[in-house]
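Spelled out from the first residue to the last, the chains are:
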Amino acid sequence: MTSFIIDCDPGHDDAVAIVVAGRHLDVIGVTTVFGNSTIENTTRNALNILDGAGFEHIPVAAGASGPLVGLAKTGEGIHGKSGLDGATVPRSSREAIDQDAADFIIQASHEHDDLVIIAVAPETNLAIALERDPTLASRVSEISIMGGSTTHGNATAAAEYNIYADPEAASIVFESGIPIRMVGLNVTSTFGVTQTELDRLHAANGIGRELAGALQFYLDRQTSTYEHSYAPMHDTCAVIPYINPLWIEYQPLHVVVECAGTHTRGMTLCDTRGSVIGGENENSQTANAKVAIMADADAIIAQAIADLSHD
Ligand code: BDR
Ligand code: CA
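Residues numbered from 1 in each chain as written. Chains lettered and ligands numbered in written order. Predicted model: local features only at pLDDT ≥ 70, side-chain atom pairs only at ≥ 80, totals over all residues. Heavy atoms only, no water.

Asker: Looking at this structure, how should I read the packing of helix α9 (residues 195-202) against helix α10 (residues 206-226)?
Answerer: Working note: a packed helix pair is described by the angle between its axes plus the distance between those axes. Packing of α9 against α10 brings their axes to within 8 Å, and their N-to-C directions diverge by 150°. If you check the angle between α9 and α10, you find them roughly antiparallel. The interaxial crossing formed by α9 with α10 has left-handed handedness. Where α9 abuts α10, its residues Gln-195, Leu-198, Leu-201 and His-202 lie against Gly-208, Arg-209, Ala-212, Gly-213, Leu-215, Gln-216 and Leu-219. A breakdown of the residues in the contact of α9 with α10 according to their chemical character gives five nonpolar, five polar and one charged. (Axes fitted to C-alpha atoms, helices over the stretch in contact; angles between N-to-C directions. Helix = DSSP H or I, 4+ residues; strand = E, 2+ residues; numbered from the N terminus. Parallel < 35°, antiparallel > 145°, perpendicular 65-115°, else oblique. Left-handed = near helix turned anticlockwise from the far one by under 90°. Contact = heavy atoms within 4.5 Å. Nonpolar A, V, L, I, M, F, W, Y, C, P; charged D, E, K, R; others polar.)

Asker: What exactly am I supposed to notice about helix α4 (residues 101-111) here?
Answerer: Think of an α-helix as 3.6 residues a turn; residues three or four steps apart then line up on the same face. When we look at burial in α4, the residues that qualify are Ala-101, Ala-102, Phe-104, Ile-105, Ile-106, Ala-108 and Ser-109. In this fold, the buried residues of α4 make contact with β1 (3-8), β2 (27-32), β3 (60-62), β4 (115-119) and α5 (124-132). (Buried < 20%, exposed > 50% of the residue type's maximum accessible area, 1.4 Å probe, protein only.)

Asker: Explain the coordination of the calcium ion (ligand 2) to me, please; I cannot follow it from the model alone.
Answerer: Around a metal, the idealised angle for a tetrahedral arrangement of four donor atoms is 109.5 degrees; for an octahedral arrangement of six donor atoms it is 90 or 180 degrees. All of the protein donors around the calcium ion (ligand 2) are Asp-9 (OD), Asp-14 (OD), Asp-14 (OD), Val-120 (O) and Asp-235 (OD); their distances to the metal are 2.3 to 2.6 Å. Coordination of the calcium ion (ligand 2) draws on donor residues from a single chain, spaced D-x4-D-x105-V-x114-D in sequence. With Asp-9 in the loop between β1 and α1 (12-24) and Asp-235 in the loop between α10 and β7 (248-257), the pair connects residues that are 226 residues apart, well separated along the chain. A residue is classified by how much of its surface remains accessible, and Asp-9, at 0% relative accessible area, is buried. (Donors = N, O, S within 2.8 Å, 3.2 Å for Na, K, Ca; no water.)

Asker: In this structure, what is going on with the layout of surface pockets? I would like to understand it.
Answerer: Empty space among the atoms can be located by rolling a probe the size of a water molecule over them. Considering only enclosed or pocket space, the largest pocket measures out at about 400 Å³ in volume. Elements with a minimum of two residues in the lining of the largest pocket: α1, α3 (76-79), α6 (161-164) and α10. A breakdown of the residues in the lining of the largest pocket according to their chemical character gives eight nonpolar, 13 polar and six charged. (1 Å grid on protein atoms, 1.4 Å probe; cavity = no way out; pocket = protein on both sides within 12 Å on 5 of 7 lines; lining within 4 Å. Points joined across faces, edges and corners; volume = space filled by probe spheres on them.)

Asker: How do you make sense of the side chain of His-228 when you look at a structure like this?
Answerer: Looking at the secondary structure, you find His-228 in the loop between α10 and β7. Of the residues examined, His-228 reaches a relative accessible area of 16% and is grouped as buried. There is a polar contact of 3.4 Å between the side chain of His-228 and the side chain of Tyr-230. If near-sequence neighbours (up to four positions away) are discounted, His-228 is found in contact with Ser-189, Gln-222 and Thr-223. (Polar contact = N/O pair within 3.5 Å; in protein donor to acceptor, adjacent residues only side chain to side chain.)

Shape descriptors only; they carry no functional weight alone.
This is the structure:
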């Protein structure tokens with residue numbers, strides 16, 4: 001049976017991803033990182049969401065408070081000061097465990113034969129773990145990344161936030177040799193939860209109702225910032241292939257992370273000229289990732305709403 005770690009920075013869409021994953025998968029731990037807010041806030045939010053959704057058995061290990069290089073850039077503009085503004089989830093009485101995220105990942109890789117990491121935040125924890133134990137790569141079955149894009153960015157015109165927040169870390173992960181799935185903005189930013197669906201959540205029970213205010217805050221910020229009429233569920237998309245592999249279509253591509261670039265730092269350069277995993281042709285390098293190119297938006301959003309509305 002596959003075991004999952006969710007590496008995240010909750011974060012509104014992270015919160016939904018945690019709930020969806022917890023309903024369907026064997027989640028053995030949640031690791032947190034700076035990103036949408038400080039490491040203190042993302043860790044607190046993770047604990048609160050897990051307990052609010054009935055997943056008190058899932059441990060939380062806190063990780064990096066900033067990127068490998070430079071200073072932390074947080075996502076207050078979209079997620080508010082707490083990282084989960086608008087939520088009414090009660091405060092959990094738990095704390096993070098006494099082991100950092102990178103060590104938790106390394107230990108889990110020894111204890112679980114088939115370990116998948118769902119990485120929906122800056123990839124600093126993964127990079128630190130790979131640097132701390134270079135043999136880790138051979139013990140991870142797959143990393144499912146929400147990050148990057150084959151087209152536009154959101155942090156900048158070229159770069160998606162999770163990659164832009166720590167390009168050096170993302171580069172280490174993409175070059176690690178671990179099988180990678182990447183679902184980026186070219187797919188995740190094209191659909192989301194609408195006001196109609198949110199109105200249903202406000203009337204739901206449990207975690208759905210407690211997150212409804214948060215998702216309302218997030219939808220309003222998405223509208224004022226990007227003119228979206230929906231709240232993208234970026235991070236849930238990284239969970240979806242393990243729930244229904246038909247809902248997101250991936251294509252094998254070679255991906256590199258731009259760590260320099262006057263205007264393109266943090267960009268994922270996806271070689272769409274065509275390549276095959278395990279093969280090479282004269283035009284392109286060997287694919288190192290399966291990159292999402294299409295999604296069944298209705299099915300994914302319906303699943304997220306159903307999982308949030310679950311008592
Ligand atoms: C990503 O950045 C964060 O704001 C979201 O949680 C998501 O992981 C989207 O660019
Ligand atoms: Ca996130």
